[in-house]
Amino acid sequence: MIVDANIIKKKKERREKLNEHAKVKTHDGKKDKGKARAIEANSEFRVIKASLMVSIAPVFANNLRGGVEEMLDSMVMRYIPAFRGVVLAHSNLCFLNKTATINADCPFSICPVGFDTTVWSPHVSMKLVGKVNLCSPDHVSLLVHRTFNVSIPKHHLPEDQWEFEYGPAENDPIFGAGAEAPQQHNPSGEHGVAEDSTEIGVVDLPQSPAENEAHGDEGNGRWVHRLTGTKLGGQDGYLEFTVIGLTVANEMLSLQGSIQPDPFSPRHVPRPIVPSKPSEPILDHSEDRDIDELDHENDDEGDDDEDMDPFSELAQMAKQEEEAAKRQKEAEAEVIEREKREKKERKRKQKEANEEGTVRDGEERAGGKKAKRKRALV
């Protein structure tokens, strides 16, 4: 089979062009194959040129582009580790090869594709702005771009500047959620007809969702400034924070923020709370008291036992069981040690008896031999 050199050269040039399209130059001039790199590295939004090997289902055999676009659509609003961010959109889809591959009996078409994708990719130490969504005594919840959740823990709020102000109780008849609105003074009298006919039919419309959102959910309380009394985030509710952590759960990205001037200081790390050990009752066994006083004290101790914390009782019972088990183990060990000593003593006595019997047999044999010699001489 004769192969033209020009055909080989053209295939090689085409392969090099496809490889150059699949590779992206980084800032240091090196090329990184098969990995996405950002064009805008300092922004929270980035446009990435990416390449991907996809398997297209046979139902899209007549429309491969539609199958790939459907696969890319399934990645939108999901955190993709290869892109280090949440995919927001994709465009400029292209096939890097003119043909697809089918392996053995698998009906899926395998081919590499290239595309541009826009991702939301915040990183630690970046400053962002979010809108206060919920306030509680232990954290503040924000929304970034009205989509992504941010949580600011209590220890990342300056305690010398902000304090939590609790809201009214739900059953408060004046300020609670079920309180009736105060009635305005009607200058027209009892029938409720205004003197000015132009005011007839004027009603107060309910606030729009945007207006309700601007006020925020302050039913549980809010964080206010200690000196000025202004709420956290101001009137519009927007707050600037520093990203100190990222959490990925179920392909969703959430942030942890801080408004401390030094957010990465170890002073802002919460210390674990060590529970205190339950105190054991101290019994007084002095013998110089009257019988009546002792009976009275026993009654009081019985009442104390009834009021004792069940966890304390369980701890005392466990301690008593441990002590009983320890004593039982010590007794068993002492019995085993005694048996070992007795066995060793029996072996020693048996050995001594065997040695004495051997010596006695030797002496008897020696005496018998001497008696034989004497009889032989006679």
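The present account deals with the structure reproduced in this document. Since this is a predicted model, take the numbers as computed values, not measurements.

## Considerations on the overall build of the protein chain
Piece 1. Along the backbone of the protein chain there are five helices and 14 strands.
Piece 2. Relative to its 378 residues, the protein chain shows a buried fraction of 22%.
Piece 3. By sequence separation, contacts in the protein chain at least 24 residues apart represent 59% of the contacts at least 6 residues apart.

## Concerning the sheet that holds strand β8 (residues 127–135)
Piece 1. Reading around the barrel, the five strands line up as β8-β9-β10-β14-β13 and close back on themselves, with mixed pairing between neighbours. Put simply, the sheet's adjacent strands are angled 50° from each other on average, direction ignored.
Piece 2. For strand β10 (residues 148–153) and strand β14 (residues 252–258), the ladder comprises two bridges, and the chain directions are parallel. Within β14, the position partnered with Val-150 by the bridge is Leu-255.

## Quick look at a nonpolar patch on the surface
Piece 1. Together, Val-124, Leu-246 and Phe-264 line one region of the surface with nonpolar side chains, adding up to about 260 Å² of accessible area.
Piece 2. Here Phe-264 lies in the loop between β14 and α4 (291–307).

## What about the nonpolar core?
Piece 1. Trp-120, Val-140, Ile-152, Trp-223, Leu-232, Phe-241 and Ile-259 are the most contacted members of the largest nonpolar core, which totals 24 residues.
Piece 2. Of all the elements in the fold, those that place two or more residues in this core are β8, β9 (139–144), β10, β11 (162–166), β13 (238–249) and β14.
Piece 3. Excluding anything up to four places from it in sequence, Phe-241 contacts Met-126, Lys-127, Leu-128, Val-129, Gly-130, Leu-142, Val-144, Val-150, Ile-152, Gly-257, Ser-258 and Ile-259.
Piece 4. Listed in part, the 15 residues of the second largest apolar core include Met-75, Ile-80, Cys-111 and Val-113.

## What to know about empty space enclosed by the protein
Piece 1. Within the structure shown, the criterion is met by two cavities of 30 Å³ or more.
Piece 2. In this structure, the second largest cavity encloses a volume near 40 Å³.
Piece 3. For the second largest cavity, the full set of lining residues is Met-77, Val-86, Thr-147, Phe-148, Glu-251, Met-252 and Leu-253.
Piece 4. A class-by-class count of the residues in the lining of the second largest cavity yields five nonpolar, one polar and one charged.

## Details of unusual backbone geometry
Piece 1. Of note in the backbone geometry, Arg-84 takes a positive phi value of approximately 55° without being a glycine.
Piece 2. The residue Arg-84 is located in the loop between β5 (79–80) and β6 (85–95) in this model.
Piece 3. On the basis of relative accessible area, Arg-84 is assigned to the partly exposed category, the value being 48%.
Piece 4. In this structure, His-145 is a non-glycine residue whose phi angle is positive, near 55°.
Piece 5. The topology assignment puts His-145 in the loop between β9 and β10.

## Looking at the environment of Phe-241
Piece 1. When you line up the elements, Phe-241 lands in strand β13.
Piece 2. You can call Phe-241 buried: its relative accessible area is 1%.
Piece 3. Linking Phe-241 and Ser-258, residues 17 residues apart in sequence, is a C-alpha distance of 5.5 Å.

## Here's the deal with the side chain of Ser-136
Piece 1. With respect to the helices and strands, Ser-136 occurs in the loop between β8 and β9.
Piece 2. Since its relative accessible area comes to 12%, Ser-136 is described here as buried.
Piece 3. In terms of polar contacts, Ser-136 uses its side chain to reach the side chain of Asp-138, at 2.7 Å.
Piece 4. Contact partners of Ser-136, with chain neighbours within four places excluded, come to Phe-164 and Trp-223.

## What about the pairing of strand β7 (residues 109–120)?
Piece 1. Of all 12 residues in β7, 10 are buried, a share of seventy percent or more.
Piece 2. The sheet contact formed by β6 and β7 spans seven bridges and is antiparallel. Bridging from a neighbouring strand, Cys-94 pairs with Gly-114 of β7.

## Quick look at the packing of aromatic side chains
Ring pairs (aromatic) are described by centroid distance and by the angle formed between their planes.
Piece 1. Taken as a whole, this structure holds four aromatic pairs when the rule is applied.
Piece 2. Summarising the aromatic geometry, the rings of Phe-83 and Phe-115 are spaced 6.3 Å apart at their centres and angled 75° between planes, so their arrangement reads as edge-to-face. With Phe-83 in the loop between β5 and β6 and Phe-115 in strand β7, the pair connects residues that are 32 residues apart, well separated along the chain.
Piece 3. Residue Phe-115 is classed as buried on the basis of its relative accessible area, which comes to 3%.
Piece 4. Their ring planes at 10° and their centres at 3.9 Å tell us that Trp-120 and Phe-148 sit as a pair that is stacked. Note that Trp-120 is positioned in strand β7 and Phe-148 in strand β10, a separation of 28 residues in sequence. The pair Trp-120 / Phe-148 is uniform in exposure class, with both members buried.
Piece 5. Taken together, the ring pairs in this structure connect Phe-164, Tyr-166 and Trp-223 into an aromatic cluster.

## Focus on a positive patch on the surface
Piece 1. A grouping of Arg-365, Lys-369, Lys-370, Lys-372, Arg-373, Lys-374 and Arg-375 is seen on the molecular surface, where their side chains present a positively charged patch.
Piece 2. Summarising the element assignment, Lys-369 is placed in helix α5 (residues 310–377).
Piece 3. Lys-369 gets classed as exposed once you look at its relative accessible area, which sits at 53%.

Conventions and cut-offs
Residues numbered from 1 in each chain as written. Predicted model: local features only at pLDDT ≥ 70, side-chain atom pairs only at ≥ 80, totals over all residues. Heavy atoms only, no water. Helix = DSSP H or I, 4+ residues; strand = E, 2+ residues; numbered from the N terminus. Buried < 20%, exposed > 50% of the residue type's maximum accessible area, 1.4 Å probe, protein only. Contact = heavy atoms within 4.5 Å. Pairing = 2+ DSSP bridges. Axes fitted to C-alpha atoms, helices over the stretch in contact; angles between N-to-C directions. Patch = residues over 30% accessible without salt bridge, like charges linked within 9 Å, V, L, I, M, F, W, Y side chains within 5 Å. Areas by Shrake-Rupley, 256 points an atom, 1.4 Å probe, with all protein chains shown as cover. Salt bridge = Lys/Arg side-chain N within 4 Å of Asp/Glu carboxyl O. Core = buried A, V, L, I, M, F, W, Y, C linked by side-chain atoms within 4.5 Å. 1 Å grid on protein atoms, 1.4 Å probe; cavity = no way out; pocket = protein on both sides within 12 Å on 5 of 7 lines; lining within 4 Å. Points joined across faces, edges and corners; volume = space filled by probe spheres on them. Nonpolar A, V, L, I, M, F, W, Y, C, P; charged D, E, K, R; others polar. Polar contact = N/O pair within 3.5 Å; in protein donor to acceptor, adjacent residues only side chain to side chain. Phe/Tyr/Trp six-rings, centres within 6.5 Å; stacked < 30°, edge-to-face > 60°. Lys, Arg positive; Asp, Glu negative; His and termini not counted. Charge placed at Lys NZ, Arg CZ, Asp CG, Glu CD.

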